[in-house]
Amino acid sequence: MLRIFEVRTADIALTAFVRAALAVELGDFTPADRLLHETEALAGPVRQGSEGHRADGV
C-alpha cells in the first residue's frame, strides 16, 4: 500500500516529518505525537474534532 503525505517544509523540518512517518509505520506513535504537539503550539489545531481520516475513507 502506498501512502501520500503532504507537509509544508516552512512549518516543520522535513527530517522530523520523515522520522515521525517512519515511526508510525513501525507502530511507534511517540515521534508523531511530539510533532503534532509542536505543530499545534506554532500553528494552532491541526485537525477539527469532527474531521475524519482521509486515508481510511471515514
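Residues numbered from 1 in each chain as written. Predicted model: local features only at pLDDT ≥ 70, side-chain atom pairs only at ≥ 80, totals over all residues. Heavy atoms only, no water.

Engineer: An account of the overall build of the protein is requested, with residue identities and associated values reported.
Structural biologist: Along the backbone of the protein there are 2 helices and 0 strands. By residue count, 12% of the 58 residues in the protein fall in the buried class. Just so you have it, the protein exposes about 5,200 Å², and 56% of that area is on carbon and sulfur atoms. (Helix = DSSP H or I, 4+ residues; strand = E, 2+ residues; numbered from the N terminus. Buried < 20%, exposed > 50% of the residue type's maximum accessible area, 1.4 Å probe, protein only. Areas by Shrake-Rupley, 256 points an atom, 1.4 Å probe, with all protein chains shown as cover.)

Engineer: So what's going on with the environment of isoleucine 12? Which residues, and what values?
Structural biologist: Positionally, isoleucine 12 belongs in the segment before helix H1 (14-25). Judged by its relative accessible area of 17%, isoleucine 12 is buried. Other than its neighbours up to four places away in sequence, isoleucine 12 contacts Val7, Phe17, Leu35 and Thr39. (Contact = heavy atoms within 4.5 Å.)

Engineer: Now, about helix H2 (residues 30-43): what can you tell me, with residues and values included?
Structural biologist: Between its first and last C-alpha atoms H2 spans 20 Å; for 14 residues at 1.5 Å apiece the expected length is 20 Å, and the two agree. Just downstream of H2, glycine 44 is the residue with a positive phi angle, here 95 degrees. (Expected span 1.5 Å × (residues − 1).)

Engineer: Which residues make up the environment of threonine 39, and what are the values?
Structural biologist: With respect to the secondary-structure elements, threonine 39 resides in helix H2. Remark: the alpha-carbon pair of threonine 39 and isoleucine 12, spanning 27 residues in sequence, is separated by 7.4 Å. Those residues in contact with threonine 39, other than ones at most four positions away along the chain, are Ile12, Gly44 and Val46. Among the polar contacts made by the side chain of threonine 39, one reaches the main-chain carbonyl oxygen of leucine 35 at a distance of 2.8 Å. (Polar contact = N/O pair within 3.5 Å; in protein donor to acceptor, adjacent residues only side chain to side chain.)

Engineer: Please provide a residue-by-residue account of a nonpolar patch on the surface, values included.
Structural biologist: On the surface, Leu14, Val18 and Leu22 cluster together to form a nonpolar patch covering roughly 260 Å² of accessible area. In this structure, valine 18 sits in helix H1. On the basis of relative accessible area, valine 18 is assigned to the partly exposed category, the value being 39%. (Patch = residues over 30% accessible without salt bridge, like charges linked within 9 Å, V, L, I, M, F, W, Y side chains within 5 Å. Salt bridge = Lys/Arg side-chain N within 4 Å of Asp/Glu carboxyl O.)

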